[in-house]
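Inside the fold
So the chains spell out like this:
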Amino acid sequence: MSGQKRPEIGAEVTAGGIRTNYLEDGQGSPVVLVHGSGPGVTAYANWRLTIPALAERMRVLAPDMAGFGFSERPEGVSYGLDLWVDQLVGFLDALELPSASIVGNSFGGAIALRAAARHPDRVDRLVLMGSVGVPFPLTEGEGLDAVWGYQPSIENMRRLLDIFAHSRELVNDELAEVRYRASVQPGFQEAFSSMFPAPRQRWADAMVTPDDEIRALPHDTLIVHGREDRVIPLANSLRLMELIPAARLHVFGRCGHWTQIEWADEFNELVADFLTA
């Protein structure tokens, strides 16, 4: 329909000095969903199946992080964990939220983890899914190295979707075309390629929160992982389970890196029950 608003674009606030596009739905206790770092990713692409389910019981907020989606890509900015954590805390400030629960996916898990460690009073409950944030050897070949090294083409996007999803049923030419088009919107690939240039192990290392800070987390924490995840190893979540005092772990079998998509109904119920208990 001509003139119809794109579902990826919601409201806008300035968060940590970054003009931030975000989606919002529901009422009640706030939860902020922090997306992963795939090419062409947006809060909508990452959380489109999660937002309406959680919104039945909570106020759901899903921002595009700086350099992704329809948030600002400031010229000359140095992308890194400090920038994204400041944006996340600034997002809470902009919406006048003293605190909120945080759900972090992959790269977003590293942001959520560091924010909880550095600003514990701003985080209620914590959900880490397929999370970065502890040391791990970069998954090469068909893994995180390929995701961060993406060069735009439909063929390359199809290959990445095969890496993300365990179920081939989720990967088709239409999805590859949609995600490819998202990745080549003006400014998207330029920002993405500047974030994680080779050698890429250093960028995974830069997202690590020290063990002692993780051990000090006071938050009730739900850790979620797909057993067949080829992007972020299951060992990450096992380590987080060892370190976080008030943690519980749920592993989905027959599941890759897209827990919230491959097991959407079960994931939504699990997270909603945890956040509202």
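Located above this text is the structure these notes cover.
Residues numbered from 1 in each chain as written. Predicted model: local features only at pLDDT ≥ 70, side-chain atom pairs only at ≥ 80, totals over all residues. Heavy atoms only, no water.

1. A closer look at the pairing of strand β2 (residues 18-25)
Two elements, strand β1 (residues 11-15) and β2, share five bridges in a ladder whose sense is antiparallel. Within β2, the residue paired with E12 across the bridge is N21. What sits between β1 and β2 in their antiparallel hairpin is a turn of two residues, with G16 showing a positive phi close to 60 degrees. Here β2 pairs with strand β4 (residues 59-63) via four bridges, running antiparallel. Looking across to β4, one finds that D25 is bridged to V60. (Pairing = 2+ DSSP bridges. Helix = DSSP H or I, 4+ residues; strand = E, 2+ residues; numbered from the N terminus.)

2. Concerning the packing of aromatic side chains
Scanning the entire structure with this criterion turns up eleven aromatic pairs. Arranged with centres 5.2 Å apart and planes meeting at 75 degrees, the rings of Y22 and F91 form a pair that is edge-to-face. Here Y22 is found in strand β2, whereas its partner F91 is found in helix α3 (residues 81-94), with 69 residues between them in sequence. With a centroid separation of 5.6 Å and 70 degrees between ring planes, the pair formed by F70 and F188 is classed as edge-to-face. Separated by 118 residues along the polypeptide, F70 in the loop between β4 and α3 and F188 in helix α8 (residues 188-195) bring together distant segments of the chain. Feature note: the residues F68, Y79, W84, F107, W148, F192 and F196 constitute an aromatic cluster, connected by ring pairs. Positioned above the aromatic ring of F188, the side-chain terminus of R73 is 4.2 Å from the ring centre. Across the ring face of F274, the terminal group of R125 is positioned such that the distance to the ring centre comes to 5.4 Å. (Phe/Tyr/Trp six-rings, centres within 6.5 Å; stacked < 30°, edge-to-face > 60°. Lys NZ or Arg CZ within 6 Å of the ring centre and 35° of its normal.)

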